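# Summary of the model geometry
Chain by chain, the residues:
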Amino acid sequence: MNSVQYMTLIAWKNLFHDKVRLVVTLTGIVFALVLISVQFGMFLGFLDTSANIIAHNDADLWITAPGIPHVNGGSPILEKKRWQALQVQGVETVVGYSVFFLNWKLPNGAFETCQIVGFDLDAGLGAPWDVVEGDVSALRAEDTVFIDVLYKRKLGVEKIGDALELNGKRVRVAGFTKGIRSFTTAPYVFTSLKNSQTYIRMRPDETIFLLVKTTGDVVSAQKALREVVPGVEVFTKREMLDRTQAYWVFGTGAGTTTLMGAVLGLLVGIVVVAQTIYAATIDHLKEFGTLKAMGATNGMIYRVILTQAGLAAVMGYALGISIALVVVNATAETDLLIKLPPEIAAGVFGMTLAMCMSASLLSIRKATTIDPAMVFRG
Amino acid sequence: MIEARNVMKTYGSGDNVVHALRGVSLSINAGEVTALMGPSGSGKTTLISILGGILSATSGSVRIDGREIVGLAEGELPALRRDLFGFIFQGFNLFPALTAAENVSVMCQLKHVPEPKKRALELLRMVGLEDKARTHPSDLSGGQKQRVAIARALAGEPRILLADEPTAALDSVSGRTVLEILSGLAREKGRAVIIVTHDPRVLEYCDRIVHIADGRVESDSYRTVEEVA
């Protein structure tokens, strides 16, 4: 064992010697970590759920009525614009697509708001994904819909074949998806474009959106469509996604709130960890002074303090991320999505390490400015 | 071995200046036990800190085997302390999280002593504590703690031992054991032992007594052969 390893051993033993302090330190780190991970996971979940029907849609361009704020706030446009769009060079396919808030009548007579999503069954653009029961082709029947298993109870549905009422018309459940969450309290209900026109009570020559598949050059097609099709706006998939996420996640304050929670978690974490690591160093100040008197260099003292902070970070992270994963798993079957992908978990580890190391910098300064004569005091 | 000439140490500046040492001159020889005595605040701790390379003198000269240490760069001092000195403290200053053997090993590690664990056990055996190698300081008596501290101080094979009130926290039996070990190191191993003390029990183990008062050497006398006997 060399002196570096021995300093690491001292750090390890120092950390475990006072178990109460260790628990306090780890509690601070774990508390901060869980708060940061869950809040940031919720933020990522909000980004996902607010625009999932765009992210999972293969359309390159979206043609909409002017001034719509987000994908859930569309208003009808004439479907004849489809023919105008099809004449543009670089446009391969143009199909109608609907997203609209409607009332869903529960078996007990109460109403829930839902969002009907009507898509073109032949083109498949905007079709439901992660289907767990039923066949999407069943939506060719005139009163059929797919819903998500997470919203079964909310919509009063138990199984395929259950019949309820949507905007005053009969509706039958033909299948289920799993994990298609809505940012709002209104779940998505997938059906064919034709059915959606009936449920929304639009005229047959109207649609909410026109989805465009291009032959390759999306930007050129977008520019040409803006020139050729009057009275509409044309967005790329990215623009539609950003617009929708910006509205729901930041416009409503939900994203800012969760981000603020994550930042507060970080600040609380830094303060708690700084305080406990600083206090732990002060407790060992005489030992560091003794080490210096014995001939240890400042570098060796740094190593002990930083190793203590690093070990606390690793243990705190292991505990904190485990608890955060339990929370994430606990919400897997609910309508709240908390995302904790590996890259974020790795980022949180780096942040924990940085948090603990920066917290220990204060105590390093204290340890290296020890009055040397203190070692001679009783 | 150690030649201190006109060592001055002041703290603060202007109206707040404090003169801790006002021109101390002193020679310390190998194989001798020297007691530094004096009232609290007289400058004993400051002197031992300067002699041990822990504190820098404001002016004057401290030579160890002819090598000037006043004015050495901060980065050179750790190696100097490691190579020349062993420190023994009134409060023992053992690391509570480490066992007795590990406490001694720390110094072996700093000095890159081969087989540090084995060496630590040898030193504990020397101070009569081999059976306490795996014991933590909290489970040792005061005398045992001080003996572990002596073993630790010896781990680097220092030529000079600086002990600050080594018996102050010990009962008379433990105190005598510690003093016998320290005086034995001077007489049998030729080490220079400097003991800062208020404890009159220490005097009978010393070859020389230096009284410090108000930052100056007030008296410096060797004990007579009869006194030592």
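Residues numbered from 1 in each chain as written. Chains lettered and ligands numbered in written order. Predicted model: local features only at pLDDT ≥ 70, side-chain atom pairs only at ≥ 80, totals over all residues.

### Here's the deal with helix α1 (residues 44-51) of chain B
All names here are of chain B. The buried count for α1 comes to 8 of 8 residues, which makes it a mostly enclosed element. Of the positions making up α1, those classed as buried are Lys 44, Thr 45, Thr 46, Leu 47, Ile 48, Ser 49, Ile 50 and Leu 51. Gly 53 sits one or two residues past α1 and shows a positive phi near 75°. (Buried ≥ 20, exposed ≤ 12 C-beta atoms within 10 Å, placed from the backbone. Helix = DSSP H or I, 4+ residues; strand = E, 2+ residues; numbered from the N terminus.)

### Things to note about the interface of chain B and chain A
Counting residues at the interface gives 27 residues for chain B, matched by 19 residues for chain A. For the side of chain B that touches chain A, the elements supplying multiple residues, two or more each, are α1, α2 (77-84) and α3 (100-110) of chain B. (Contact = placed C-beta atoms within 7 Å.)

### Some points on the nonpolar core
In summary, soluble globular proteins display a tendency toward joint burial of nonpolar side chains. Membership of the largest hydrophobic core comes to 124 residues, with the highest contact counts inside it found for Leu 33 of chain A together with Leu 36, Val 104, Leu 182, Val 193, Ile 194 and Ile 195 of chain B. With 13 residues, the single largest contributor to this core is helix α2 (residues 19-55) of chain A. Discounting residues that sit within four places of it in the chain, Val 193 of chain B has contacts with Val 33, Leu 161, Ala 163, Leu 182, Leu 185 and Ala 186 of chain B. Counting residues in each nonpolar core, the second largest holds 55 residues, with Phe 100, Val 157, Leu 193 and Val 234 of chain A among its members. (Core = buried A, V, L, I, M, F, W, Y, C linked by C-beta atoms within 7 Å.)

### Considering the packing of helix α8 (residues 254-283) of chain A against helix α11 (residues 342-368) of chain A
Residue and element names in this part refer to chain A. At a minimum axis distance of 8 Å, the contact between α8 and α11 shows a crossing angle of 35°. As α8 runs across α11, the sense of the crossing is right-handed. Judged by residue contacts, Gly 269, Ile 270, Val 273, Ala 274, Ile 277, Tyr 278, Thr 281 and Ile 282 of α8 engage Met 355, Cys 356, Ala 359, Ser 360, Leu 362, Ser 363, Lys 366 and Ala 367 from α11. Here the residues of the contact of α8 with α11 sort into 11 nonpolar, 4 polar and 1 charged. (Axes fitted to C-alpha atoms, helices over the stretch in contact; angles between N-to-C directions. Left-handed = near helix turned anticlockwise from the far one by under 90°. Nonpolar A, V, L, I, M, F, W, Y, C, P; charged D, E, K, R; others polar.)

### A closer look at the sheet that holds strand β5 (residues 67-68) of chain B
Residue and element names in this part refer to chain B. Taken in spatial order, the 4 strands of this open sheet run β2-β1-β4-β5, and their pairing is antiparallel. Taken across any chain shown, the strands that pair with only one partner, and hence form the sheet edges, are β2 (18-28) and β5. Two elements, strand β1 (residues 2-11) and strand β4 (residues 59-64), share 5 bridges in a ladder whose sense is antiparallel. Looking at β4, one finds that Met 8 is bridged to Ser 59. The strands that α1 touches are β1, β2 and β4; relative to β1, the one it contacts most, it runs at about 125°. (Pairing = 2+ DSSP bridges.)

### Quick notes on the sheet that holds strand β7 (residues 160-164) of chain B
All names here are of chain B. The strand order across the open sheet built from 6 strands is β6-β7-β8-β3-β9-β10, with neighbouring strands paired in mixed fashion. Edge positions in the sheet fall to β6 (85-88) and β10 (216-222), since each of these pairs with one other strand and no more. The sheet shows a mean angle of 15° between the axes of neighbouring strands, taken without regard to direction. Inspection of the sheet shows β7 paired to strand β8 (residues 192-196) by 5 bridges, in the parallel sense. If you follow Asp 164 over to β8, its bridge partner there is Val 196. Along the sheet, α1 contacts β3 (33-37), β7, β8 and β9 (208-213); its crossing angle with β8, the most-contacted strand, is approximately 155°. The strands touched by helix α5 (residues 142-154) are β6 and β7; relative to β6, the strand with the most contacts, the crossing angle is about 170°.

### Brief notes about unusual backbone geometry
Of note in the backbone geometry, Asn 167 of chain A takes a positive phi value of approximately 50° without being a glycine. By secondary structure assignment, the location of Asn 167 of chain A is in the loop between β7 (163-166) and β8 (169-177). If you check the backbone angles, Phe 92 of chain B has positive phi at about 70° while not being a glycine. Its place among the elements puts Phe 92 of chain B in the loop between β6 and α3.

### With respect to the pairing of strand β1 (residues 61-64) of chain A
Residues and elements named next belong to chain A. The alternating pattern of β1 places Leu 61 and Ile 63 and Trp 62 and Thr 64 on opposite faces, both of which are buried. As defined by bridge partners, β1 adjoins strand β11 (residues 209-214) across 3 bridges and the pair is classed as antiparallel. Each residue of the ladder has a partner; that of Trp 62, found in β11, is Leu 211.

### A word on the domain arrangement of chain A
Many authors give the size of an interface as the accessible area that is lost as the parts come together. All names here are of chain A. Domain boundaries in chain A define domain 1 (3-50 + 254-376) and domain 2 (66-231). The centre of domain 1, based on its C-alpha atoms, is set 48 Å off from the matching centre of domain 2. Looking at the side of domain 1 that touches domain 2, its residues break down into 2 nonpolar, 3 polar and 2 charged. (Domains from an automatic or database assignment.)

### Description of the pairing of strand β3 (residues 91-105) of chain A
Residue and element names in this part refer to chain A. Where β3 meets β11, 6 bridges bridge the pair, whose relative direction is antiparallel. The residue of β11 that forms the bridge with Tyr 97 is Phe 209. Here β3 pairs with strand β4 (residues 111-119) via 9 bridges, running antiparallel. Residue pairing in the sheet places Asn 103 in a bridge with Thr 113 of β4. Between β3 and the antiparallel strand that follows it, β4, lie 5 residues; Gly 109 among them carries a positive phi value of about 95°. Here β3 pairs with β7 via 2 bridges, running antiparallel. In the strand pairing of β7, Lys 105 is matched with Glu 165.

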